[in-house]
Amino acid sequence: MKCVALTFDDGPGKDTPKVLEALSSRGAVATFFMQGPSLKAYPDIAKQVGATPGMELGDHSWTHPQLTGLGRDGAEKQMRQTHDKIKELTGKDVSVMRPPYGARNASVDAAAKAVGESVILWDVDTMDWKSRNASAVRAEVKKQVRPGSIVLMHDIHASTVAAVPNVVDDLKAEGYVFVTVSQLLGGTTPGKVYTRFG
Ligand code: NI
């Protein structure tokens, strides 16, 4: 089966419900890596993501620092705070985290292990934060995706939100099945680093 895991970082944002609608109406799911300021600004939207069937939530740290500069304990604190906030809002214990900027080292991995989360990177970088262009986001996914891919996007940018329907339709036309990160990887081990499946 051709599987792909769409992921959205830095939210939840005000337009995240549009992403949920675009996904759900097409029978697709995704994983949302959330950070502290966004969770504080949009707690109800975080709850909505948690309550939408099939969606996975993940930890994107509390204040979006370079976790590699904080030491093991500092990194753990960043993850635990976000883990606990997501649990408080949605009732879910997240098992996946994405380090801001993809910045990780042995200390970050050890911190993730202590919090019970695996470290999720990506193999498809849409560069959506840079282009801020829906057509460019769509084109990057088409160009880079292959079975087992983890696709990095950001649901805080209107251009990305606008691209999601086309991205999903393109992938469906190519025969892809949408899964969460945990589904794609067949379960994950805390502290272990993943970039894609296979
Ligand atoms: Ni981020």
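Preceding block: the structure.
Predicted model, so just to flag it, every value in this text is computed and none were measured.

## Section: the overall build of the chain
Thought 1: Assigned secondary structure in the chain consists of 9 helices and 9 strands.
Thought 2: Taking 2.2 N^0.38 as the reference for a compact globule, 198 residues should give roughly 16 Å; the C-alpha atoms of the chain span a radius of gyration of 15 Å, in line with that estimate.
Thought 3: Projected onto its principal axes, the C-alpha positions of the chain cover 45 × 35 × 30 Å.
Thought 4: Out of the 198 residues in the chain, the part that is buried amounts to 53%.
Thought 5: As displayed, the chain has an accessible area near 8200 Å², and 51% of this comes from carbon and sulfur atoms.
Thought 6: Within the chain, the 22 negative side-chain charges are centred at a point lying 2 Å from the centre of the 24 positive side-chain charges.

## Describing helix 1 (residues 16-24)
Thought 1: Taken together, the buried positions of helix 1 are Thr 16, Val 19, Leu 20, Ala 22 and Leu 23. Down the axis of helix 1, the sector holding all buried residues measures 165 degrees, keeping them to one side. Turned more than 90 degrees away from the buried face of helix 1, the exposed residues are Lys 18 and Glu 21.
Thought 2: Those residues of helix 1 hidden inside the fold are in contact with strand 1 (3-11), strand 2 (31-34), helix 3 (43-51) and helix 8 (158-173).

## Quick notes on the nonpolar core
Thought 1: Formed by 35 residues in total, the largest nonpolar core has its most connected members in Leu 6, Phe 8, Leu 23, Phe 32, Met 34 and Leu 171.
Thought 2: Of all elements in the fold, only strand 1, helix 1, strand 2, helix 3, helix 4 (71-90), helix 7 (134-144), strand 7 (149-154) and helix 8 reach the threshold of two or more residues within this core.
Thought 3: With 6 residues, helix 8 is the largest single contributor of residues to this core.
Thought 4: In this view, Phe 8 contacts Val 19, Leu 23, Ala 30, Thr 31, Phe 32, Phe 33, Met 153, His 154, Asp 155, Thr 160 and Val 164; residues no more than four positions away in its chain are not counted.
Thought 5: Grouped together as the second largest cluster of nonpolar side chains are 11 residues, Ala 5, Val 179, Leu 184 and Leu 185 included.

## Regarding the coordination of the nickel ion
Thought 1: Each protein donor to the nickel ion is listed here as Asp 10 (OD), His 60 (NE2) and His 64 (NE2); together their distances run 2.0 to 2.1 Å.
Thought 2: Between consecutive donors of the nickel ion, the numbers of intervening residues give the motif D-x49-H-x3-H.
Thought 3: Taking the relative accessible area as the measure of exposure, His 60 reaches 2% and is therefore buried.
Thought 4: Judged by relative accessible area, His 64 falls into the buried class, the value being 16%.

## Here we look at the packing of helix 7 against helix 8
Thought 1: Here helix 7 crosses helix 8 at 35 degrees, and the two axes come no closer than 8 Å. Remark: the crossing between helix 7 and helix 8 carries right-handed chirality. Residues Ala 134, Val 137, Arg 138, Val 141 and Lys 142 of helix 7 lie in contact with helix 8, whose contacting residues are Ser 159, Thr 160, Ala 162, Ala 163, Asn 166, Val 167, Asp 170 and Leu 171.
Thought 2: For the contact of helix 7 with helix 8, a count of residues per class yields 7 nonpolar, 3 polar and 3 charged.

## Some remarks on the packing of aromatic side chains
Thought 1: On inspection of all chains with the given rule, the structure shows 1 aromatic pair.
Thought 2: Judged by centre distance (5.3 Å) and plane angle (20 degrees), the rings of Phe 8 and Phe 32 are stacked. Of the two residues, Phe 8 sits in strand 1 while Phe 32 sits in strand 2, which places them 24 residues apart along the sequence. No difference in accessibility class separates Phe 8 from Phe 32, as the two residues are buried.
Thought 3: The aromatic ring of Tyr 176 is capped on one face by Lys 2, whose charged end is 4.6 Å from the ring centroid.

Each value, and the rule that gives it
Residues numbered from 1 in each chain as written. Predicted model: local features only at pLDDT ≥ 70, side-chain atom pairs only at ≥ 80, totals over all residues. Heavy atoms only, no water. Helix = DSSP H or I, 4+ residues; strand = E, 2+ residues; numbered from the N terminus. Rg over C-alpha atoms; globule rule 2.2 N^0.38 Å. Buried < 20%, exposed > 50% of the residue type's maximum accessible area, 1.4 Å probe, protein only. Areas by Shrake-Rupley, 256 points an atom, 1.4 Å probe, with all protein chains shown as cover. Lys, Arg positive; Asp, Glu negative; His and termini not counted. Charge placed at Lys NZ, Arg CZ, Asp CG, Glu CD. Arc of directions from axis to C-beta. Contact = heavy atoms within 4.5 Å. Core = buried A, V, L, I, M, F, W, Y, C linked by side-chain atoms within 4.5 Å. Donors = N, O, S within 2.8 Å, 3.2 Å for Na, K, Ca; no water. Axes fitted to C-alpha atoms, helices over the stretch in contact; angles between N-to-C directions. Left-handed = near helix turned anticlockwise from the far one by under 90°. Nonpolar A, V, L, I, M, F, W, Y, C, P; charged D, E, K, R; others polar. Phe/Tyr/Trp six-rings, centres within 6.5 Å; stacked < 30°, edge-to-face > 60°. Lys NZ or Arg CZ within 6 Å of the ring centre and 35° of its normal.

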